[in-house]
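# Structural overview
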Amino acid sequence: MEKSIQKDKSSMLQLCIEHNLCEVNIDVTYKPQNVMETLVIPTREDVSVENQAVFANLEKAIGFMPNLFAVLANSPTALGDYLSFEGRKSSLNNKEKEVVKLIVSQLNGCDYCLAAHTGAAQMVGFTKEQTIEIRKGAISFDAKLDALVLFAKEVVEQKGDVSEETKFKFFSEGYDAESLIDVLLIIGEKVISNYLFALTKVPVDFPAAEEI
């Protein structure tokens, strides 16, 4: 008789849980964990042999190892893969690439990439004031670049659902199907670094971009 009662109670409890008819108190202790406790900023000595070679090349080219790139070396292959993706051949010239990278980083609120690409944009010929226009998404000094920045801005904000007017302006300024694909790939590459910074908040080791 007692076993039958216990069985009935167990069945009722199971039914109650399945149909959300009762409260079940489960003692779960949750300990928040800082992402940077797991994703460290490794030195050259900490990474794989393959990544050590990449570190050496970057230090030679840039003068130091950027923190955001170093974090990618937590994976034996991600750093090399990312740099290959970033350095792929493109129909867009260096100025056009920096326009896309700046507007995407602005929209994603990535202080690290804004700092890095403000400097890079000035190295390819933009003035500081022009980089701010780019980040605001409206370029007064070049109609073609204005069409580009507007297109990239809408791709990010509208998740690819760009207006016909914006696409018409983009193509009217001389961009084509290849250009469109290359813009998307640059956006994808920037999203990776923007999101990595959002997750890790690594120290920014480039001169800070001006707030707008």
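Since the model is a prediction, treat every value here as computed from it, not as a measurement.

Turning our eyes to something else, we now look at the overall build of the protein chain. The helix and strand tally for the protein chain stands at 10 helices and 0 strands. Tracing the protein chain from N to C terminus, the helices and strands come up as α-α-α-α-α-α-α-α-α-α. By residue count, 34% of the 212 residues in the protein chain fall in the buried class. Excluding contacts between residues fewer than 6 apart, the proportion of contacts in the protein chain whose partners are at least 24 apart in sequence is 66%. Accessible surface for the protein chain amounts to roughly 13000 Å². Of this, 54% is attributable to carbon and sulfur atoms.

Roughly 650 Å³ of internal volume is contained in the largest pocket. In terms of lining residues, the largest pocket is bounded by 27 residues, among which Glu86, Glu98, Ala116, His117 and Ala120 are the most central. Sorting elements by how many residues they give to the lining of the largest pocket places helix 6 (residues 111-123) first, with 8 residues. Of the residues belonging to the lining of the largest pocket, the class tally is 16 nonpolar, 5 polar and 6 charged.

Before going further, it helps to spend a moment on the state of the cysteines. Among covalent bonds in proteins, the disulfide is the one between the sulfur atoms of two cysteines. Enumeration over the complete set of coordinates arrives at 0 disulfides. Of the cysteine sulfurs around Cys110, a residue in no disulfide, the closest is that of Cys113, at 3.3 Å. On the basis of relative accessible area, Cys110 is assigned to the buried category, the value being 1%. On the basis of relative accessibility, which here comes to 2%, the residue Cys113 falls in the buried class.

Here the structure, examined in full by the defined rule, presents 8 aromatic pairs. Measuring from centroid to centroid gives 4.2 Å for Phe151 and Phe170, while their planes differ by 20°, and the two rings are stacked. Of the two residues, Phe151 is situated in helix 8 (residues 143-157) and Phe170 in helix 9 (residues 164-172); the sequence distance between them amounts to 19 residues. On the basis of relative accessible area, Phe151 is assigned to the buried category, the value being 3%. For Phe170, a relative accessible area of 0% corresponds to the buried category. Within the aromatic cluster, the residues linked to one another by ring pairs are Phe64, Tyr112, Phe197 and Phe206. It is Lys144 that lies over the ring of Tyr175; its NZ or CZ is 4.7 Å from the centre. Residue placement shows Lys201 over the ring face of Phe197; its charged tip is 5.8 Å from the ring centre.

What counts and what doesn't
Residues numbered from 1 in each chain as written. Predicted model: local features only at pLDDT ≥ 70, side-chain atom pairs only at ≥ 80, totals over all residues. Heavy atoms only, no water. Helix = DSSP H or I, 4+ residues; strand = E, 2+ residues; numbered from the N terminus. Buried < 20%, exposed > 50% of the residue type's maximum accessible area, 1.4 Å probe, protein only. Contact = heavy atoms within 4.5 Å. Areas by Shrake-Rupley, 256 points an atom, 1.4 Å probe, with all protein chains shown as cover. 1 Å grid on protein atoms, 1.4 Å probe; cavity = no way out; pocket = protein on both sides within 12 Å on 5 of 7 lines; lining within 4 Å. Points joined across faces, edges and corners; volume = space filled by probe spheres on them. Nonpolar A, V, L, I, M, F, W, Y, C, P; charged D, E, K, R; others polar. Disulfide = S-S within 2.5 Å. Phe/Tyr/Trp six-rings, centres within 6.5 Å; stacked < 30°, edge-to-face > 60°. Lys NZ or Arg CZ within 6 Å of the ring centre and 35° of its normal.

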